[in-house]
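# Coordinates in review
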Amino acid sequence: METFDTIGIIGAGAWGSALALVASRAGRKAILWGRDAETVASVNAGNGNPRYLPGIPFKEPISGTIDLSEAASADLLLLVTPAQTLRAVLRDLQPLVASGTPVVLCAKGIERSTGRLMSEVLVEELPQARPAALSGPSFASDVARGLPTAVTIASADGALADAIADSLSAPAFRPYAATDLVGVEIGGALKNVLAIGAGAVAGARLGKSAEAALIARGFAEIRRFARRRGAEAETLMGLSGLGDLMLTCSSVQSRNYAFGIGIGEGAAVADLLARGRPLAEGAMTALIARDLARREAIDMPITEVVAEIVEGRLRLDAAIERLMRRPLKREEA
Ligand SMILES: NC(=O)C1=CN([C@@H]2O[C@H](COP(=O)(O)OP(=O)(O)OC[C@H]3O[C@@H](n4cnc5c(N)ncnc54)[C@H](OP(=O)(O)O)[C@@H]3O)[C@@H](O)[C@H]2O)C=CC1
Ligand SMILES: O=C(CO)COP(=O)(O)O
């Protein structure tokens, strides 16, 4: 099996830092690239990442750098900047990455300007890379603390997925290899949209029954979308689909769920978005998924209302009424 001794992590936010700790715990040399010199200096001084993972000590060695070429020369790269920044980051990486380098996409989103999945952006901008994705139920703070976590690592090249899983496996971090890259990406991106919806229902105190209904019917939308893209049904039932959906739609640790709670409690979406941080990828993904669903005639009514709420064009009570008044239908997805 191929082995990857050095792992370059691109993006020193919460998830990139947590994954750098994982790589180090797995016995690899972890090179964490960040554009913020202060954060990188803090990591190198052994003081962790107080901006994104406050209060969590970094006990394992990580080599921080602001020099992209240093991280880009690693045997394996993890790309961990937000979805909408992926293309620009890949353009910077293009002259620095050796042919055949495996690149693991860790952002959960779809590109707004093109509707492309992260792997499609990767193929366009860094064709010399071997694409893979890491997804699943995993809060950065849990992983950084060393709490037990399982994720999916997918690549169309099954041997590569196995090798990446092997290289990242650590006592409290258990990766499962998979080959359905598209299914893994879709589950990870679209669960964030439902987390906003579920959070809004929770924030408005509409009851756990309503939350469960939204999650279950929203999951039917994700499966519909994934089926159309050729994903395997079982993928959506796994860690990167149902697993991450359960986590993100039920925990205030989730930034998407928390964003939804804010909406449900009556905060203006514009105010929530203007705060800019923490990152709620689903706010952007809702708009893209709605547009793609319309273009491809996929019935996604919950995604539709979440998108309109995010756009500030629909109130939560009107959204619920619209969903409840839809013509009755058979339950099958
Ligand atoms: N946090 C989590 O629990 C998990 C997150 N993810 C996914 O990982 C992705 C990243 O999330 P997360 O790390 O939490 O986000 P954070 O907001 O914690 O960090 C984002 C990082 O990306 C950097 N960044 C932003 N824009 C650019 C850019 N244009 N070029 C280079 N670097 C940039 C930021 O740098 P700066 O500080 O300088 O702005 C920051 O270091 C998201 O898609 C998210 O869905 C997946 C699983 C778990
Ligand atoms: O993807 C995540 C957990 O698996 C993190 O979710 P949030 O981005 O909503 O915090």
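About the cut-offs
Residues numbered from 1 in each chain as written. Chains lettered and ligands numbered in written order. Predicted model: local features only at pLDDT ≥ 70, side-chain atom pairs only at ≥ 80, totals over all residues. Heavy atoms only, no water. UniProt positions renumbered as here; feature names shortened; annotations may be inferred. Helix = DSSP H or I, 4+ residues; strand = E, 2+ residues; numbered from the N terminus. Rg over C-alpha atoms; globule rule 2.2 N^0.38 Å. Buried < 20%, exposed > 50% of the residue type's maximum accessible area, 1.4 Å probe, protein only. Contact = heavy atoms within 4.5 Å. Areas by Shrake-Rupley, 256 points an atom, 1.4 Å probe, with all protein chains shown as cover. Lys, Arg positive; Asp, Glu negative; His and termini not counted. Charge placed at Lys NZ, Arg CZ, Asp CG, Glu CD. Near = heavy atom within 4 Å. Polar contact = N/O pair within 3.5 Å; in protein donor to acceptor, adjacent residues only side chain to side chain. Nonpolar A, V, L, I, M, F, W, Y, C, P; charged D, E, K, R; others polar. Domains from an automatic or database assignment. Axes fitted to C-alpha atoms, helices over the stretch in contact; angles between N-to-C directions. Parallel < 35°, antiparallel > 145°, perpendicular 65-115°, else oblique. Left-handed = near helix turned anticlockwise from the far one by under 90°. Buried area = accessible area lost by both parts, 1.4 Å probe. Salt bridge = Lys/Arg side-chain N within 4 Å of Asp/Glu carboxyl O.

- The name given to the chain in an unreviewed UniProt entry is Glycerol-3-phosphate dehydrogenase [NAD(P)+], with Rhodobium gokarnense as the source organism.
- One UniProt comment on the chain, placed under Subcellular location (unreviewed entry), says "Cytoplasm".

### Things to note about the overall build of the chain
- Counting its secondary structure elements, the chain contains 16 helices and 8 strands.
- The C-alpha atoms of the chain give a radius of gyration of 19 Å, which matches the 20 Å a tight globule of 333 residues would have.
- Principal axes of the C-alpha set define a box for the chain whose edges measure 55 × 40 × 35 Å.
- When burial is assessed residue by residue, the chain has 56% of its 333 residues classed as buried.
- Summarising the internal contacts of the chain: among those between residues at least 6 apart in sequence, 72% fall at separations of at least 24.
- Summed over all atoms, the accessible surface of the chain reaches about 14,300 Å², with 54% contributed by carbon and sulfur.
- Distance between charge centres in the chain, computed from 36 positive and 37 negative side chains, equals 6 Å.

### A few points about the site of ligand 1
- Near ligand 1 there are 22 residues, and of these Ala14, Tyr52, Ala140, Arg255 and Glu281 occur at the shortest range.
- The separation between an oxygen atom of ligand 1 and a polar side-chain atom of arginine 51 is 3.0 Å.
- Protein chains bury 85% of the 900 Å² of accessible surface belonging to ligand 1 in isolation.
- Split by residue class, the shell around ligand 1 holds 13 nonpolar, 4 polar and 5 charged.
- Per-domain counts for the shell around ligand 1 show at least three residues from each of domain 1 (6-179) and domain 2 (189-324).

### A short note on the packing of helix H8 (residues 181-203) against helix H12 (residues 255-264)
- At a minimum axis distance of 6 Å, the contact between H8 and H12 shows a crossing angle of 40 degrees. Here H8 lies oblique to H12, going by the angle between them. In the packing of H8 onto H12, the handedness of the crossing is right-handed. Residues Asn192, Ala195, Ile196, Ala198, Gly199, Ala200, Ala202 and Gly203 of H8 touch H12, and the partners they reach there are Asn256, Tyr257, Phe259, Gly260, Ile261, Ile263 and Gly264.
- Broken down by class, the residue content of the contact of H8 with H12 amounts to 9 nonpolar, 6 polar and no charged.

### Observations regarding the site of ligand 2
- Around ligand 2 sit Lys108, Gly136, Pro137, Ser138, Phe139, Lys191, Asp244, Leu247, Thr248, Ser254, Arg255 and Asn256, and that is every residue in its neighbourhood.
- Taking glycine 136, its main chain carries an N or O atom lying 3.1 Å from an oxygen atom of ligand 2.
- The side chain of lysine 191 places a nitrogen or oxygen atom 2.8 Å from an oxygen atom of ligand 2.
- Considering ligand 2 on its own, with 310 Å² of exposed area, one finds that the protein chains cover 93% of that surface.
- The element contributing the most residues to the shell around ligand 2 is helix H11 (residues 239-248), with 3 residues.
- Residues that form the shell around ligand 2 fall into these classes: 3 nonpolar, 5 polar and 4 charged.
- Inspection of the shell around ligand 2 shows a minimum of three residues originating in each of domain 1 (6-179) and domain 2 (189-324).

### Points about the domain arrangement of the chain
- Each domain of the chain was delimited in the assignment, giving domain 1 (6-179) and domain 2 (189-324).
- Considering only the surface of domain 1 that becomes buried against domain 2, Lys108, Arg112 and Phe139 emerge as the three largest contributors, covering 35% of it.
- Taken together, domain 1 and domain 2 are joined by 2 salt bridges.
- Between arginine 112 and aspartate 291 there is a salt bridge, and its shortest N-O distance comes to 2.9 Å.
- Summed over the shared surface of domain 1 and domain 2, the number is 5 residue pairs in polar contact (both at pLDDT 80 or more).
- For the side of domain 1 that touches domain 2, the elements supplying multiple residues, two or more each, are helix H6 (140-145) and strand S7 (149-154).
- Here the side of domain 1 that touches domain 2 gets 3 residues from one element, more than from any other, and that element is S7.

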